[in-house]
Structure formats: structure tokens, C-alpha cells
Amino acid sequence: MCGVLRPSDAGKKAVLMGWVNRRRDLGSIVFIDLRDRTGVTQVVLNLELNSAAHDKAQALRNEYVIAAIGTVKLRDSDTINKNIPTGEVELVADEIRILNESKQPPFLPSDTALTNEETRLKYRYIDLRRDVMQFNIETRHKVAKAIRDYLSGQGFFEIETPFMTRSTPEGARDYLVPSRVQPGSFYALPQSPQMFKQILMIAGFDKYFQIVRCFRDEDFRADRQAEFTQIDLEMSYPQPERVWEVVEGFLVAAFKAAGFEIKTPFPRMDYDEAIRLYGIDKPDLRLPAFTDVRDCFAPENLQQLAVNPNLPVVAIRIPNVGELSRAERDSIKPLFISKGGAKVFEDFKRIEKNLPEAAAKIAAKSGAQAGDLLVIVAGSAQSGEQTALPPHRKVTPSELAIYASAGLLRIALAQKYAERHGVFKKSGDSAKDFRFLWVTNFPMFEWDEGEKQWMAAHHPFTSPHEEDMALLEAGVESVNDPQSPLSAVRALAYDVVLNGTELGSGSIRIHRQDVQRRIFRALGMSEDEAKARFGFFLEALEYGTPPHGGIALGLDRIVMILAGAESLREVIPFPKTARAVDLMVDAPTPVGEKQLRELGIVVKK
RNA sequence: GGGGACGUAGUUCAGUUGGUUAGAACGCUGCCCUGUCACGGCAGAGGCCGCGGGUUCGAGUCCCGUCGUCCCCGCCA
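First, a word on scope: everything that follows refers to the structure included in this document. Just so it is clear, the structure is predicted and the values come from calculations on it, not from any experiment. (Residues numbered from 1 in each chain as written. Chains lettered and ligands numbered in written order. Predicted model: local features only at pLDDT ≥ 70, side-chain atom pairs only at ≥ 80, totals over all residues. Heavy atoms only, no water.)

Let's talk about the nonpolar core
Item 1. Of all hydrophobic cores here, the largest spans 50 residues; its most connected members are Ile316, Leu373, Val377, Leu409 and Phe445.
Item 2. Ranked by the residues each element gives to this core, the list is headed by helix H12 (residues 397-416), at 6 residues.
Item 3. Among all residues touching leucine 373, those that are not within four sequence positions of it are Ile316, Arg317, Ile318, Val321, Leu324, Ile332, Leu413 and Tyr417. (Core = buried A, V, L, I, M, F, W, Y, C linked by side-chain atoms within 4.5 Å. Buried < 20%, exposed > 50% of the residue type's maximum accessible area, 1.4 Å probe, protein only. Helix = DSSP H or I, 4+ residues; strand = E, 2+ residues; numbered from the N terminus. Contact = heavy atoms within 4.5 Å.)

See below:
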């Protein structure tokens, strides 16, 4: 292999096969850098030593596939290349065989400047030859293997579930597969194996996992692909803590496989707390939390600033940004996305000038140092009514709007000034570089403003909190009332978050028929409707279902973070574009009349 | 569905207030070169300026539309 020869191999005969990475022709002596996935070795062709081989080297071009047969030789001390692991040796070739030629590629794997992504995706087989991509795909393999090994060792069975399954009109849009033998009927590709894994619990496979492809026909982002891979698992009789322990266990193994030591257990935080401190349900702990600085202002100050005094006044602090120019301060406001009447005071200098006392208190309370950026987000007069708080909830909908607006701005600012504060740069200290977090006690229901009703925040099989059963009972008939007690029902649902990325999401499931029925009723779903959608599943629940719960983590996202990549496309061998197009194979495509006829499909233009 | 950025040689990019023959680097082709390793030197080829329309004496540059890629909001139980 091209990356393995070392000084200890000196004198040995060797055959190297690989791609011509680069050719350096000095006339009577030619150097070939030969590359395969293990690395690069220099092959020497000297006219005086072997004129036939030297002649053959004249014909070599980039990306030709060749075999070089020769002797491993220690390099003279002044010709050692310290930049590559094989740099102390070279292969003196007796013979060169051209195994295959190559057209001139649109770009070279050895290029230093990265070609645009469209070209890379079209010629993915060349892009994948680049060492970064080879590393990413290797990391992916190692991580997946470590997880398989770990879970198998813990008594989990990897069990496959169908890809061609049943469409359930919940959640994301389905990819559909038409049935030829039953024209007009369609399978759906699974958005996740959710119901199958629960059925496996009912079936007695009390520890299940699967590294499995999932499909969602929605709009895509850097961290969302049409098809993506989940580490899906489910177990019988667990407390949430037991699920977390398993996940922490396999993440330790996965990170170790990629060369990182991480510590467990991960910290835990209530959903409400995450919103209050970070304005988002997947906080990036590498950056400081919000400070509520409402009490730093005198009441007349708030009035003067037209700030709603009943709502929080949030200070966002981004450390070590340095002095901002006027233009930079002006460029903050366009980053702000106001929800529910939230407004931003992007220029802290102005607050310092007009309200020096308040500004000093804010700086002190938020722990701001010189060079830190402070931005204030507060409620305007247009903000929603402040409502009474259920005893165990810490965030009302009006507050949520403020926190969420501030949360988005916090991230936008942190990304914009990432170069300056350097918080996102890898330090080499895993405890700092990988900030894990369990976010727990999500709300069971979310208010859908469009549908004017409460919807399942996670999925309708998530178990409510034992303590909140009475609230569920009280709210079960008020699905269309935004003030319904349903707002306060917490779910036994949890997310695992890493550096502001949601890695995975899970819950303890409902195993009791009566609770499941109540949930469907609370979601405004009639008995018949529920039966039509999930009939098989509801029936299965009636045949002795053990309590069970689980989680699913995005393998692609884990590998993306481990590889230090900015996009899932960097860790998926054959990804799709934002419009779900595969540029290499050119999919999707229209199909012929005959094929459509067989499937009983007429395409409307 | 909405907002933004980008599209010029094989590749990465530059291209001034609209101005005559659209440049550079890398890559490519040929020649020279015995220790290079992003080798070096000389010479050369290579362009529907994404596509369509408009304004203009004149458009890579301005306007409208369209296609594609990327990022964000919505969406993603």
C-alpha cells in the first residue's frame, strides 16, 4: 500500500498500485507520487538505472492507475520529505505498468483550492479520492462499527425493518413507492422505523438497535438530507436515565474510535431552562448563556425605550469580539428575526451613552469583559400578553417569543464573529471541544397557529410525565384553546445535543391503551381517525405491551462534527443537493409512459 | 412558500464610471532540465462571460425573466 512503507522496509522488493498523484519530471530523473487510500509514496525513475521504466514514465499523467515494481530505498538525509509519513523512503522502480489511463479530470484530488460543490458532486468519484473525503468516510465506518460493537456487547440485537411500508399522515412528507400489482396504492419509505421498533418491543426483542436509512421529503439544509442514517434503538422497561446511559456508552465508544476521549454522564437541562438561558432547545454550551437584565433598568428607562416591563430583557453576550465599527454595529440588526413583537437594541454603546447606570449594571450582571459584544433583546408593546405560569413551567408563550428571537440572534452573531472569538475552533481538549447536553422534559404539545390547535411536539406515542396526567385529563377536550392545560403537560422526551446540534431525540413511549386514547383525543383525533391511521399499532398495544422507550441519533451529524465538517454532504458518500437531486446519477428523472401505465399513474403537467 | 449570496478558460478567481483584442494563477500540450516533493525554465492551446429577452451607437458590466448551486426563515411528529 502506498502509505505504509517505512525505513524498516528498506531493501525490500515492493509492488505499489495506485493513482498518479503528481509527476515531477526533471529530465533524466522522474518522480511519481503514487496515491491510494493509505497515503502517498514517491516512486523514482532514473534514466541511468533503468531506461525502459524511465521511458514509460514519460507517458504517465495525473490520475493514471499504475503498478510500480521496485526496491524500497532509504532516502539520502538531504532529500527526506518531513511532510509525509513515507518521506524517509522511496520506491526505486524497475518496472512501471499502466493499468489504466485517465482523461484529464475536471479537478485533481491533490488540488489545494476546493472546486465548487456542483462539480464535486457531479464527479463524486474524483472528489471522494481527496484525502479529506477518504478520512471522513473512514471515520464514518469506524464510528458505525464502534457503535455496533458497543450495542451488541450490551445485548442489543440489530434487527432490520421494512423500507417499503405504510404511509402515515403524520410528521414529514413521505417518499412514495407505487405498487404495480395494486395500481393506485403506494408504499411509503420510512421517516423512521418508529412503529416497527415499538412492535419489536411488543414482540419481545427487548433491546433493539439498527443503523438505518430514513427518508423525509422536506426542504433541506446543511444538516438535513433527503435520506439520512439514524442509530435507532429501543428497549423495554427503561427509565429515561437508562436510555441516556446506553447512548452515552456508545458515544464514548464512537468518539474513541475517532480518537477523542469524552466524559460521561452528560449534563442535563429542562427544556424550559434551555429556552430561558439560550432561547433554543439545542443550546450550544460553548457560548455564554443569556442574562435577564430587566432589573438593571429603572422602570422609567423601560418606558423610555418602549420595552414591555412584564417580559424578560435578555442580554446576549458574545465574548472576545473586540471593538465593532459603526458599520458592523449597524449590520447586527438585519440578523435579527423578531418573533412575537420582540425587538433588539443592537448598539450597546448607545445604551452606555444614554443610560450609563443601567449599562454598567448590565455589564456587571452579564459578566462582560472588555471586547465582549453585548446585545439586548426585549419585548415591545406589540408583544403578546403575559400569562399566568403553571407551577412547573418557567416559560410562557410571550416569553418564549423573546427568548427564541434572542436565541437565533445569539447564534447568528456567534457565527458571524467566529473568526474573532475562536470559540468554535478545536482546542484539542475534548471537554471543551465537545459540549454534550441532555435536554429533558419537553412540552408534550405545541400550539399550531395555522391549525389553531395543539399538536404533538414529539410524536403521538410519547408518554406524558406521570405527574402531568391530571393536566392531560383536564385538557383533553380543549384542543382548540390556546390556554388549555395541555400547554403544561410535559413529555418523557429527551434530546441529546452537541455543540448546538441536535444529535438525537427520544422518549419513553405510551404502553397503555387508555393513555394512548386520551392523547389522540387531546390531539383532536377521533377514535375512527386514530384507527384509520394507526389501527394495526393500536391493536398491537392491546396484546401485552411492556413499558418501553428509546431514541434515535443522526449518524451523519455525529460524523460531521467528528470530521469537523460544515455540511452533511462532506460525510455522506453520495449526497443530494438542497433540491434533493443527485448530480452524479442525475436523479430523479421522468419515467417512460410504459412504466407509468403499468403502475396506473398519470402525470399531470 | 419567502429572503439572501453566487454563476467569467478544465479549476480557483480578477475584470474600474458600460468602451475597442476578456486577464492571472493552477491544470493541460510541446520542448529543456539528475534529487524533486505545490520542482523549475521556455513556448503554446484553451472563453455561448449559465441561458433568454430588453436598454444602448456599444453589455461580462445596467434592467427583466429563467435555470442551477449554496445559506437562512417557514417546514422537518
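Now, onward.
A closer look at the pairing of strand S18 (residues 453-456)
Item 1. Pairing of strand S17 (residues 445-448) with S18, which is carried by 4 bridges, proceeds in the antiparallel orientation. Among the inter-strand pairings, tryptophan 447 is bridged to a residue of S18, identified as tryptophan 454.
Item 2. Linking S17 back to S18 in an antiparallel pair, the connection comprises 4 residues, with lysine 452 at a positive phi of about 55°. (Pairing = 2+ DSSP bridges.)

With respect to the packing of aromatic side chains
Where two aromatic rings form a pair, the distance of their centres and the angle of their planes describe that pair.
Item 1. Tallying each qualifying case throughout the model produces 17 aromatic pairs.
Item 2. Their ring planes at 80° and their centres at 5.7 Å tell us that tryptophan 244 and tyrosine 494 sit as a pair that is edge-to-face. In this pair, tryptophan 244 sits in helix H6 (residues 240-257) while tyrosine 494 sits in strand S19 (residues 493-498), placing the two residues 250 residues apart along the sequence. Each member of the pair, tryptophan 244 together with tyrosine 494, is buried.
Item 3. In this structure an aromatic cluster arises from ring pairing among Trp244, Phe255, Phe260, Phe266, Phe434, Phe436, Trp438 and Tyr494. (Phe/Tyr/Trp six-rings, centres within 6.5 Å; stacked < 30°, edge-to-face > 60°.)

What to know about the pattern of salt bridges
Item 1. Per the counting criterion, the structure on display carries 43 salt bridges.
Item 2. The salt bridge partner of glutamate 63 is arginine 129, with a shortest N-O separation of 2.8 Å. Of the two residues, glutamate 63 sits in the loop between helix H1 (51-58) and strand S4 (65-74) while arginine 129 sits in the loop between helix H3 (124-127) and helix H4 (131-153), which places them 66 residues apart along the sequence.
Item 3. In this structure glutamate 63 comes out as buried when scored by relative accessible area, which is 2%.
Item 4. You can call arginine 129 partly exposed: its relative accessible area is 21%.
Item 5. Salt-bridge contacts for aspartate 232 lead to lysine 197; the nearest nitrogen and oxygen are separated by 2.7 Å. Here the residue aspartate 232 occupies a position in strand S10 (residues 227-236), and lysine 197 occupies one in helix H5 (residues 194-202), the gap between them amounting to 35 residues. (Salt bridge = Lys/Arg side-chain N within 4 Å of Asp/Glu carboxyl O.)

Quick notes on the layout of surface pockets
Item 1. Space inside the second largest pocket adds up to approximately 490 Å³.
Item 2. Within the residue set of the lining of the second largest pocket, elements represented by two or more residues are strand S1 (13-25), strand S2 (29-36), strand S3 (39-46) and H4.
Item 3. Residues that form the lining of the second largest pocket fall into these classes: 7 nonpolar, 9 polar and 11 charged. (1 Å grid on protein atoms, 1.4 Å probe; cavity = no way out; pocket = protein on both sides within 12 Å on 5 of 7 lines; lining within 4 Å. Points joined across faces, edges and corners; volume = space filled by probe spheres on them. Nonpolar A, V, L, I, M, F, W, Y, C, P; charged D, E, K, R; others polar.)

Observations concerning the pairing of strand S13 (residues 314-318)
In regular strands, side chains alternate between the two faces of the sheet.
Item 1. Most of S13 is tucked away, with 5 of its 5 residues classed as buried.
Item 2. Judged from the 2 bridges that link them, strand S12 (residues 291-292) and S13 form a sheet pairing that is antiparallel. Paired with aspartate 292 across the bridge in S13 is valine 314.
Item 3. By the bridge criterion, 5 bridges tie S13 to strand S15 (residues 373-379) in an arrangement that is antiparallel. By the bridge assignment, alanine 315 is partnered in S15 with isoleucine 376.

Things to note about a nonpolar patch on the surface
Item 1. On the surface, Val15, Met17 and Leu99 cluster together into a nonpolar patch covering about 280 Å² of accessible area.
Item 2. Along the polypeptide, valine 15 turns up in strand S1.
Item 3. The partly exposed category is assigned to valine 15, whose relative accessible area is 46%. (Patch = residues over 30% accessible without salt bridge, like charges linked within 9 Å, V, L, I, M, F, W, Y side chains within 5 Å. Areas by Shrake-Rupley, 256 points an atom, 1.4 Å probe, with all protein chains shown as cover.)

Let's talk about the protein's contact with RNA strand B
Item 1. What surrounds RNA strand B is a group of 46 residues, the closest being Asp25, Glu48, Thr79, Arg221 and His458.
Item 2. Sugar and phosphate atoms constitute 57% of the interface atoms of RNA strand B, taking the interface as everything within 4 Å of the protein.
Item 3. Between RNA strand B and serine 192, the relevant distance is 3.4 Å, taken from a base nitrogen to a side-chain nitrogen or oxygen of the residue.
Item 4. For the surface near RNA strand B, the class distribution of residues is 12 nonpolar, 16 polar and 18 charged. (Near = heavy atom within 4 Å. Polar contact = N/O pair within 3.5 Å; in protein donor to acceptor, adjacent residues only side chain to side chain.)

With respect to the sheet that holds S13
Item 1. Taking strand neighbours across the sheet as the criterion, the 4 strands line up as S12-S13-S15-S14 in an open arrangement whose pairing is antiparallel. Single-partner strands in this sheet number two, and they are S12 and strand S14 (342-345).
Item 2. Strands in contact with helix H11 (residues 356-365) are S12, S13 and S15; relative to S15, the strand with the most contacts, it is inclined by about 110°.
Item 3. Contacting S12, S13, S14 and S15, H12 runs over the sheet at an angle of about 15° to S13. (Axes fitted to C-alpha atoms, helices over the stretch in contact; angles between N-to-C directions.)

A word on the sheet that holds strand S6 (residues 157-158)
Item 1. Ordered by their spatial adjacency, 8 strands build an open sheet running S6-S9-S10-S21-S20-S19-S16-S11, and the pairing between neighbours is mixed. The open sheet has two free edges, formed respectively by S6 and strand S11 (268-270), since each of these has just one partner strand.
Item 2. Two strands pair when backbone bridges link them, and strand S9 (residues 207-215) and S10 are joined in this way by 9 bridges, in the antiparallel orientation. Within S10, the position partnered with tyrosine 208 by the bridge is glutamate 234.

Observations regarding the packing of H5 against helix H17 (residues 527-541)
Angle between the axes and distance between the axes: these two values describe a pair of packed helices.
Item 1. Where H5 meets H17, the axes come as close as 10 Å, and the angle between the chain directions of the two elements is 20°. Between H5 and H17, the angle is such that the two are roughly parallel. In this structure, H5 meets H17 at a crossing whose hand is left-handed. Counted together, Met195, Gln198, Ile199 and Ile202 of H5 and Phe534, Phe536, Phe537, Ala540 and Leu541 of H17 form the full contact between these two elements. (Parallel < 35°, antiparallel > 145°, perpendicular 65-115°, else oblique. Left-handed = near helix turned anticlockwise from the far one by under 90°.)

Here's the deal with helix H18 (residues 555-563)
Item 1. Counting buried positions along H18 gives 9 out of 9 residues, so the element sits mostly inside the fold.
Item 2. At the C-terminal side of H18, glycine 564 shows a positive phi close to 70°.

Some words on unusual backbone geometry
Item 1. For the bond from threonine 264 to proline 265, the omega torsion is 0°, close enough to zero to count as cis.
Item 2. In this fold, proline 265 is placed in the loop between H6 and S11.
Item 3. With an omega dihedral of 0°, the bond running from alanine 587 to proline 588 counts as a cis peptide bond.
Item 4. Among the secondary structure elements, proline 588 is positioned in the loop between H18 and helix H19 (593-599).
Item 5. At glutamate 63, a position not held by glycine, the phi torsion is positive, near 70°.
Item 6. Its identity is not glycine, yet aspartate 586 carries a phi of approximately 60°, on the positive side.

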